[in-house]
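# Chains, contacts and geometry: an overview
One-letter residues, chain by chain:
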Amino acid sequence: MSTPVGAGVLTAVMDGARRQSMDSAETDGSGADSAVSHPPGRPAAQKTWGKFWLLTSAASVSEMGNTFLHLAMPWTILASTGSALMAALSLGVQYLPFVASPLLGTLIDGYERRMVFMVSELVQGVLIALTPLLLMADQVELVLVVLLVAGCGTVTSNLTSDFSLLPMLAPENRLTEAYSRFGAVTELARTAGPAVAGLVLAVVGGYGALWIDAATFLVTAVIAAFLPRGEKPVVERGFLRMQVEGFRSFRKIRGVPRLTLVLSVYNLGAGAVPTIILVVAAGTWGWSSGLAGAVLAAGAAGSALGSWLGGRLWHNASAERRIRLWFLVCAVSSVGLLAPWEEVVVLGFCCLMAGEGGMNVTTNEYRFRAIPDEVSGRVNAVMRAFILGGAALSSLLLGWSVTLPEQVLRFAPALITSVLAVLIWAGVRSFRAPVGTEPEKAA
């Protein structure tokens, strides 16, 4: 979900307080309570949902723009150059910045989060607006460089909204509900992205579609300007030292390495399932592109439903138990992927996406409650690098298994890693869960 991208004068008293907060938060697993440090001041609008829905609207427009771009850019490059390789690379370079998440996380922790979100959206909008001009000049290589930089903005925007702005704006005793609503709405926006892109491409063409897409990022930046300003982090440490602190915090905060391991293992087998579903539907089953796209849209709708349910089902259970239950939903749903009947495979896929939606809500809340605010950008960025690394490897693993002749073998990696995730989460425990990870009851 969002990726983090400082300078200032730090008094001795503030520095000592920060170190004390960090020491209390980064436990070594000995069973001591982990005190999570989050921004002490919450804006007056915190008492209402108004500002929360403003952020949700901005993030939804941004998500629609991202999915819009994933379809419009390869389509436009293919039409302009006739190169399938360049079209494929245009999608790949947009995901490459996720590998550099820890670097971006250090930058995020050094600046006021609303400003980071606004700048990242503005950068994406300006860069995407340049791509049609570069394509007109036959500078496809420069387009790939521009998309790479824009991808850094995507990572930064996502991490900032999910783990900094959203918790600040949502009522503290309704955080689970807030993550649920935020996830449901943004997933619905992601569902609509490809359909909107297809319609716009047909009406105005590739260049016009890209300029419209650029405008969505500018709209998001304008909306973000109306969000309350947060506190500016005060740091005096160098970039390298902040990097080291980020990795050290990731290792020491109880529960975080385990959650990262579980999500990475799960993504190793299931991360590329939507892509492989598309390949199977269009190639093996002989479905039309429209019908195959409808299946992906149904999966995204399932994810939105899971996000909505994530704040409503089992809300009285502990965070650890709710995460385990959603992993179980994913594991059971993966069984449907092995069936020889197309309808059952599609149903299993939609249920799997719903399980992932619920899982995202509960794990995001867990991460917010466990990770101190002063290192949230860096720690979440380190987590994102490992988790999405598993998703990248999943494309290789499932890309191989989908070529196997038996249907039962094609999605076997998804079932295997889903079951492993359940076993690891249930079996590899800390001495006890961090106090900070226990969810507030949804009001």
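Criteria and cut-off values
Residues numbered from 1 in each chain as written. Predicted model: local features only at pLDDT ≥ 70, side-chain atom pairs only at ≥ 80, totals over all residues. Heavy atoms only, no water. Helix = DSSP H or I, 4+ residues; strand = E, 2+ residues; numbered from the N terminus. Buried < 20%, exposed > 50% of the residue type's maximum accessible area, 1.4 Å probe, protein only. Areas by Shrake-Rupley, 256 points an atom, 1.4 Å probe, with all protein chains shown as cover. Axes fitted to C-alpha atoms, helices over the stretch in contact; angles between N-to-C directions. Parallel < 35°, antiparallel > 145°, perpendicular 65-115°, else oblique. Left-handed = near helix turned anticlockwise from the far one by under 90°. Contact = heavy atoms within 4.5 Å. Nonpolar A, V, L, I, M, F, W, Y, C, P; charged D, E, K, R; others polar. Core = buried A, V, L, I, M, F, W, Y, C linked by side-chain atoms within 4.5 Å. Salt bridge = Lys/Arg side-chain N within 4 Å of Asp/Glu carboxyl O. Patch = residues over 30% accessible without salt bridge, like charges linked within 9 Å, V, L, I, M, F, W, Y side chains within 5 Å. pLDDT = per-residue confidence, 0-100. Expected span 1.5 Å × (residues − 1).

## Comments concerning the overall build of the protein
The helix and strand inventory of the protein stands at 16 helices and zero strands. Looking at the protein as a whole, 55% of its 443 residues qualify as buried. As displayed, the protein has an accessible area near 18,000 Å², and 70% of this comes from carbon and sulfur atoms.

## A few points about the packing of helix H9 (residues 256-270) against helix H13 (residues 342-370)
One can describe the packing of H9 onto H13 by two numbers: an axis separation of 11 Å at closest approach and a directional angle of 160°. It follows from the interaxial angle that H9 and H13 lie roughly antiparallel. Crossing of H9 against H13: the hand is left-handed. Each of Val256, Arg258, Leu259, Leu263, Tyr266 and Ala270 in H9 lies in contact with H13, whose residues at this interface are Leu352, Glu356, Met359, Thr363, Tyr366, Arg367 and Ala370. Considering only residue class, the contact of H9 with H13 consists of nine nonpolar, one polar and three charged.

## Some thoughts on the nonpolar core
Most often, soluble globular proteins have nonpolar side chains that are buried together. One finds Val273, Phe327 and Leu337 to be the most contacted residues of the largest nonpolar core, which totals 49 residues. When contributions to this core are tallied by element, the ones reaching two or more residues are H9, helix H10 (273-284), helix H12 (319-336), H13, helix H14 (376-401) and helix H16 (412-427). Top element by residues in this core is H13. It accounts for nine residues. When sequence neighbours within four positions are dropped, the list of residues in contact with phenylalanine 327 reads Val262, Leu263, Tyr266, Met359, Ala421 and Val422. The next biggest cluster of nonpolar side chains, apart from the first, holds 29 residues, and it includes Ala59, Val116, Tyr179 and Phe368.

## Section: the pattern of salt bridges
Evaluation of the coordinates by the stated rule reveals three salt bridges. As a salt-bridge pair, glutamate 365 and arginine 322 come within 3.0 Å of each other at their nearest N and O atoms. With glutamate 365 in helix H13 and arginine 322 in helix H12, this residue pair connects regions lying 43 residues apart in the sequence. One exposure class covers both glutamate 365 and arginine 322, and it is buried. For arginine 369, the salt bridge goes to glutamate 365, with nearest N and O atoms at 3.2 Å. One end of the pair, arginine 369, and the other, glutamate 365, are both in helix H13, four residues apart, so they sit about a helical turn from each other.

## Digging into a nonpolar patch on the surface
Together, Leu96, Val99, Met115, Val119, Val123, Leu142, Val145, Leu148 and Val149 make up a nonpolar patch on the protein surface, roughly 710 Å² of accessible area in all. Mapped onto the nonpolar patch, the elements with two or more residues apiece are helix H5 (113-136) and helix H6 (140-169). The element contributing the most residues to the nonpolar patch is H6, with four residues. Looking at the element boundaries, valine 123 is found in helix H5. By relative accessible area, which is 33% here, valine 123 ends up partly exposed.

## Details of the environment of leucine 166
With respect to the helices and strands, leucine 166 occurs in helix H6. For the pair leucine 166 and tryptophan 53, spaced 113 residues apart in sequence, the C-alpha separation works out to 9.6 Å. Excluding residues within four positions of it along the chain, leucine 166 makes contact with Phe52, Leu55, Ser161, Leu175, Ala178, Tyr179 and Phe182.

## Thoughts on the confidence of the model for the protein
With 76% of its residues at a pLDDT of 70 or more, the protein shows a mean pLDDT of 74. Segment residues 430-443 is flagged for pLDDT under 50; beyond a separation of four residues in sequence, or across chains, it makes 48 contacts in the model.

## Focus: H16
The terminal C-alpha atoms of H16, which comprises 16 residues, lie 22 Å apart, in line with the 22 Å expected from a rise of 1.5 Å per residue. Among the residues of H16, those classed as buried are Ala412, Pro413, Ala414, Leu415, Thr417, Ser418, Ala421, Val422, Ile424 and Trp425.

## Brief notes about the side chain of serine 333
Along the chain, serine 333 turns up in helix H12. Apart from the residues lying within four places of it in its own chain, the contact partners of serine 333 are Gly348, Cys351 and Leu352.

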